[in-house]
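# Descriptive structure summary
Below, each chain spelled out in residue letters.
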Amino acid sequence: MSMKVMDSLRSSVKGSVVEEGDDGYDEARVVYNAMIDRRPSAVVRCQGAADVAAVVRAAAEDGSDVAVRGGGHSVPGFGTADGAIVADLGDMTTVTVDPASSTAEAAGGATWGMFNEATSQHGLATTGGIISTTGVGGLTLGGGIGYLARGHGLSCDNLLSAEVVLADGRVVTASADEEPDLFWALRGGGGNFGVVTKFTFRLHPVAEIYGGPMFFELADGPAILAYFADYVRTAPREFGGFPAFQIAPALPFVPEDRAGEPFVAVVFCINGPASEAEKIVQGFRDVAKPVAEMVGPMPYPAMNGLFDGLVPPGLQHYWKAAFLDELRPESVAAHMEHGPRVPTVNSTVHFYPINGACHDVASDATAFGHRDANFALVIAGMWPDPAENTANTAWVKDYYAAIEPFAQPGGYINFASQDDQPKASSNYGANYERLRAVKREYDPDNVFHLNQNIVP
Ligand SMILES: Cc1cc2nc3c(=O)[nH]c(=O)nc-3n(C[C@H](O)[C@H](O)[C@H](O)COP(=O)(O)OP(=O)(O)OC[C@H]3O[C@@H](n4cnc5c(N)ncnc54)[C@H](O)[C@@H]3O)c2cc1C
């Protein structure tokens, strides 16, 4: 970046500006996926919309790229880039709850852990991710799949308005009444349209949930997957949770001699009375005897943090995503071949159900264009040792190749990797052309291109 632009950026923002050579540069450029090792020209710890606008304007003047970082969880590492100016929203984390209107306002860099902590004080929540350290920003803009989705829709379905810094540095509010096309595009179109500095969400009563994981023998996998697929079709909307392939961690509830083995797991999160929830859970025990389980009542924020320990920052990540209309019996053989080869305790395969309230919303009502899918599948390769990169990415790729014939053409943009960019049009699905039209209106020069990009 030129000295002139840098000097004027430094004098115009409240937040700190860290350049290559400055103390703290290496800490400032780190993102969650340790496979991503990029050298931005500067990282700006923004303190509000005015700082974000200053970054956008400085990048335009300098001819630099702008990278936007919220929670930093992007698997392709979109929150940083060589030579870019990073708008780091990590200091913008205030969450304010209005219990009277059952709404909450979250600053653009808040995480779901921060959000749930604030809303749970009032017995309220909205759909967020399953890990507490993921950012509200990236997750919501891509759609937002989580435990509460069957009951309350995707995160983006609960978005009421957003404060957005546009590509030309203007700050606008987008809602059903103001900038309605932009508001439509923000709900599933990812970070393509601007930097959201404030999100306002609708909240729902969520107090104690009944949840946790249950591990089954691999031999029982086909029966458990079939039971889940059938059950979830008509399950009450209070039922959240998903089947998974997972290596059992060495934790007290796992028999010592079984820790480290792969299992078919079911993770429960039922937002209803414990007595009713227990009946649902018993239905799974009646299919096959679990090897281990830790299912019971807990506050929703505890459920949201339950698996954080399996996914610390600093792992290598390579993921693939697919939408499934059904979990078809003919595909189960492919899952049962590749799922049990899950290579590390950090890696996992989740089959998130996205029916229920997610299907109440028409596929053209928001930019999230996959309302006909019943499951979002993620094959999440996560491992600590870079020396294992080839073997671990091969597991993800081979698994994906085996199930692709049974999947819909696109996958969820938030679970996609950098090499999925050529699939952007099918990942955005039926809404891609309208998204391109909105992109032409709000970001014709593709300033915000470090994302699953919609080319104007
Ligand atoms: C461990 C883990 C668990 C996950 N679990 C779930 C899950 O349960 N459900 C789910 O749906 N997804 C999940 N994801 C995927 C997640 O939604 C995406 O990785 C998402 O991009 C993360 O958002 P972030 O703000 O943390 O990421 P960042 O890396 O900070 O942001 C990624 C990109 O999103 C955009 N962005 C982020 N914040 C803003 C903003 N305020 N304004 C404009 N653009 C912004 C930018 O383009 C940015 O480059 C998970 C990911 C990980 C690594």
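Because the structure is predicted, anything quoted here is derived from the model rather than measured.

### Things to note about the overall build of the chain
Broken down by element type, the chain carries 14 helices and 19 strands. For a compact globule of 456 residues, the expected C-alpha radius of gyration is about 23 Å, and the chain comes in at 21 Å, within 12% of that figure. Dimensions along the principal axes, computed over C-alpha positions, put the chain at roughly 70 × 50 × 40 Å. Relative to its 456 residues, the chain shows a buried fraction of 60%. Relative to all contacts within the chain whose residues are 6 or more apart in sequence, the contacts with residues 24 or more apart total 74%. Within the structure as shown, the chain displays about 16800 Å² of accessible surface, and the carbon and sulfur contribution to it stands at 53%. The averaged location of the 55 negative side-chain charges in the chain is 3 Å from the averaged location of its 30 positive side-chain charges.

### A word on the domain arrangement of the chain
Think of interface size as the accessible area that goes away when the parts come together; that is how it is often given. Its domain assignment divides the chain into domain 1 (3-88), domain 2 (95-205 + 429-442) and domain 3 (208-423). Centre-to-centre separation of domain 2 and domain 3, based on C-alpha positions: 24 Å. Overall, the association of domain 2 and domain 3 removes approximately 3000 Å² of surface from exposure, summing both partners, and the carbon and sulfur fraction of that is 57%. The largest share of the area that domain 2 buries against domain 3 comes from Ile 145, Tyr 147 and Arg 150, three residues that together contribute 34% of it. Remark: the boundary between domain 2 and domain 3 carries one salt bridge. The set of elements that each furnish at least two residues to the side of domain 2 that touches domain 3 consists of helix 4 (112-120), helix 5 (136-142), helix 6 (149-152), helix 7 (180-186) and helix 14 (432-442). In terms of residue count, helix 4 provides more of the side of domain 2 that touches domain 3 than any other element does, five residues in total.

### Quick notes on helix 1 (residues 3-12)
Listed in full, the buried residues belonging to helix 1 are Val 5, Met 6 and Leu 9. With its buried residues spanning 100° around the axis, helix 1 presents them on a single face. Set apart from the buried face of helix 1 by more than 90 degrees, the exposed residues are Met 3, Lys 4 and Ser 11. Those residues of helix 1 that are buried lie in contact with strand 1 (17-19), strand 2 (42-45), helix 3 (49-62) and strand 4 (85-88).

### Some thoughts on the sheet that holds strand 3 (residues 66-69)
A sheet is described by the order of its strands in space; here four strands give the open sequence 1-2-4-3, paired in mixed fashion. With partners counted over all chains shown, the strands left at the sheet margins are strand 1 and strand 3, one partner each. Strand-to-strand twist in this sheet, taken as the mean axis angle between neighbours without regard to direction, amounts to 20°. In terms of strand pairing, strand 1 meets strand 2 through three bridges, oriented antiparallel. Bridge pairing links Val 17 to Val 44 in strand 2. On top of the sheet, helix 1 reaches strand 1, strand 2 and strand 4; it is set at about 150° to strand 1, its chief contact.

### Overview of the sheet that holds strand 5 (residues 95-98)
Here five strands make up an open sheet; going across it, the order is 5-6-10-8-9 and the pairing antiparallel. Both outer strands of the open sheet, strand 5 and strand 9 (171-175), are each paired with one neighbouring strand and no more. Taking each pair of neighbouring strands and ignoring which way they run, the sheet shows an average axis angle of 15°. Looking at chain direction, strand 6 (residues 103-107) and strand 10 (residues 195-202) are connected through five bridges and run antiparallel. Residue pairing for strand 10: Ala 104 is matched across the bridge by Phe 201. Along the sheet, helix 3 makes contact with strand 8 (159-165), strand 9 and strand 10, crossing strand 8 at roughly 50°. Sheet strands in contact with helix 4 are strand 5, strand 6 and strand 10, and its direction is about 30° off that of strand 5.

### Description of the environment of His 370
Within the secondary structure layout, His 370 lies in the loop between strand 18 (348-353) and strand 19 (375-383). On the basis of relative accessible area, His 370 is assigned to the buried category, the value being 7%. In this structure the C-alpha to C-alpha distance between His 370 and Gly 410, which are 40 residues apart in sequence, comes to 8.5 Å. Leaving out residues up to four positions away in the same chain, His 370 has contacts with Phe 323, Ile 354, Gln 408, Gly 410, Ser 426, Asn 427, Tyr 428 and Gly 429. At 2.7 Å, the side chain of His 370 and the backbone oxygen of Asn 427 are in polar contact.

### Some thoughts on the site of the ligand
Near the ligand lie 34 residues; those nearest to it are Val 68, Gly 70, Gly 72, Ile 145 and Tyr 412. Within the contact set of the ligand, an oxygen atom lies 2.8 Å away from a backbone nitrogen or oxygen of Val 68. Considered on its own, the ligand offers 940 Å² of accessible surface; in the complex 97% of this is hidden by protein. Secondary-structure elements contributing two or more residues to the shell around the ligand are strand 3, helix 5 and strand 10. Of the residues forming the shell around the ligand, the biggest block, four residues, is contributed by helix 5. Across the shell around the ligand, the residue classes break down as 16 nonpolar, 17 polar and one charged.

### Let's talk about the nonpolar core
Where a protein is soluble and globular, its nonpolar side chains tend to be buried together. Counting 46 residues, the largest nonpolar core has Tyr 147, Met 303, Tyr 352 and Ile 354 as the members making the most contacts within it. Built from parts of two domains, this core gets at least three residues from each of domain 2 (95-205 + 429-442) and domain 3 (208-423). Apart from residues lying up to four places away in sequence, Tyr 147 is in contact with Gly 128, Ile 130, Gly 240, Gly 241, Phe 242, Val 267, Cys 269, Tyr 300, Met 303 and Phe 307. In this structure, Phe 228, Val 232, Met 336 and Val 396 belong to the second largest nonpolar core, which totals 43 residues.

Parameters and conventions
- Residues numbered from 1 in each chain as written.
- Predicted model: local features only at pLDDT ≥ 70, side-chain atom pairs only at ≥ 80, totals over all residues.
- Heavy atoms only, no water.
- Helix = DSSP H or I, 4+ residues; strand = E, 2+ residues; numbered from the N terminus.
- Rg over C-alpha atoms; globule rule 2.2 N^0.38 Å.
- Buried < 20%, exposed > 50% of the residue type's maximum accessible area, 1.4 Å probe, protein only.
- Contact = heavy atoms within 4.5 Å.
- Areas by Shrake-Rupley, 256 points an atom, 1.4 Å probe, with all protein chains shown as cover.
- Lys, Arg positive; Asp, Glu negative; His and termini not counted.
- Charge placed at Lys NZ, Arg CZ, Asp CG, Glu CD.
- Domains from an automatic or database assignment.
- Buried area = accessible area lost by both parts, 1.4 Å probe.
- Salt bridge = Lys/Arg side-chain N within 4 Å of Asp/Glu carboxyl O.
- Arc of directions from axis to C-beta.
- Pairing = 2+ DSSP bridges.
- Axes fitted to C-alpha atoms, helices over the stretch in contact; angles between N-to-C directions.
- Polar contact = N/O pair within 3.5 Å; in protein donor to acceptor, adjacent residues only side chain to side chain.
- Near = heavy atom within 4 Å.
- Nonpolar A, V, L, I, M, F, W, Y, C, P; charged D, E, K, R; others polar.
- Core = buried A, V, L, I, M, F, W, Y, C linked by side-chain atoms within 4.5 Å.

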